[in-house]
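Results of the structural survey
Chain by chain, the residues run as shown.
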Amino acid sequence: KGIELFEAEEEIISNETDGEKLKIYPNPNNGNFTIQFDVISENNSVEIYSVLGQKVFEKSEIKTNTIEISNLEKGLYFVKVNNQNISKTKKVLVN
């Protein structure tokens with residue numbers, strides 16, 4: 001007879017058995033954040049998608065793990081890091 005509230009936290013891709021882990025901090029953030037990926041190389045690329053699935057940011061041949069998207073609207077985004085055959089995605093909140 002009441003409303004039951006719950007929170008669920010999920011990873012978009014949860015296959016961590018290969019030892020490749022993706023961390024984004026701080027999260028939430030103001031549009032500036034750091035990506036920590038077990039294997040950082042110049043072959044990495046980053047893609048950021050809105051909740052509507054639109055690609056709003058793309059950067060290839062990453063030389064630094066700091067990302068700046070403060071020009072985007074506040075909201076929830078999906079950060080996808082690609083490295084050769086490995087791809088990991090995490091949620092990030094820009095506020």
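Residues numbered from 1 in each chain as written. Predicted model: local features only at pLDDT ≥ 70, side-chain atom pairs only at ≥ 80, totals over all residues. Heavy atoms only, no water.

1. Description of the overall build of the protein
- Looking only at helices and strands, one finds 0 helices and 7 strands in the protein.
- Looking at the 95 residues of the protein, the share that counts as buried comes to 31%.
- Pairs at least 24 apart in sequence give 51% of the contacts found in the protein among residues at least 6 apart.
- For the protein, the exposed area adds up to about 6600 Å²; of that, 48% sits on carbon and sulfur atoms. (Helix = DSSP H or I, 4+ residues; strand = E, 2+ residues; numbered from the N terminus. Buried < 20%, exposed > 50% of the residue type's maximum accessible area, 1.4 Å probe, protein only. Contact = heavy atoms within 4.5 Å. Areas by Shrake-Rupley, 256 points an atom, 1.4 Å probe, with all protein chains shown as cover.)

2. Observations concerning the sheet that holds strand E1 (residues 22-25)
- On the basis of which strands lie adjacent, the open sheet formed by 3 strands has the order E1-E2-E5 and antiparallel pairing. Pairing within the sheet leaves two strands with one partner each, and these edge strands are E1 and strand E5 (66-68). Pairwise comparison of adjacent strand axes, ignoring direction, gives a mean angle of 25° for this sheet.
- Pairing between E1 and strand E2 (residues 32-37): 4 bridges, direction antiparallel. Paired with Leu22 across the bridge in E2 is Phe37. (Pairing = 2+ DSSP bridges. Axes fitted to C-alpha atoms, helices over the stretch in contact; angles between N-to-C directions.)

3. Some points on the pattern of salt bridges
- Evaluated as defined, the whole model comprises 2 salt bridges.
- Between Glu47 and Lys55 there is a salt bridge, with its nearest N and O atoms 3.9 Å apart.
- Judged by its relative accessible area of 42%, Lys55 is partly exposed.
- Via salt bridges that share partners, Glu47, Lys55 and Glu58 belong to a single interconnected network. (Salt bridge = Lys/Arg side-chain N within 4 Å of Asp/Glu carboxyl O.)

4. Things to note about the pairing of strand E7 (residues 86-94)
- Pairing of strand E6 (residues 75-83) with E7 involves 9 bridges; the strand directions are antiparallel. Note that in E7 the partner of Asn83 across the bridge is Ile86.
- From the end of E6 to the start of E7, which pair antiparallel, there are 2 residues, and Gln84 there has a positive phi angle of about 55°.

5. With respect to the confidence of the model for the protein
- Summing up the model confidence of the protein, the mean pLDDT is 81 and the portion of residues at 70 or higher is 75%.
- Here E2 stands out as the element of the protein with the lowest mean pLDDT, 90, in contrast to strand E3 (residues 45-50), whose mean of 95 is the highest.
- Here residues 6-18 scores under 50 on pLDDT; set against residues more than four positions off or in separate chains, the count is 13 contacts. (pLDDT = per-residue confidence, 0-100.)

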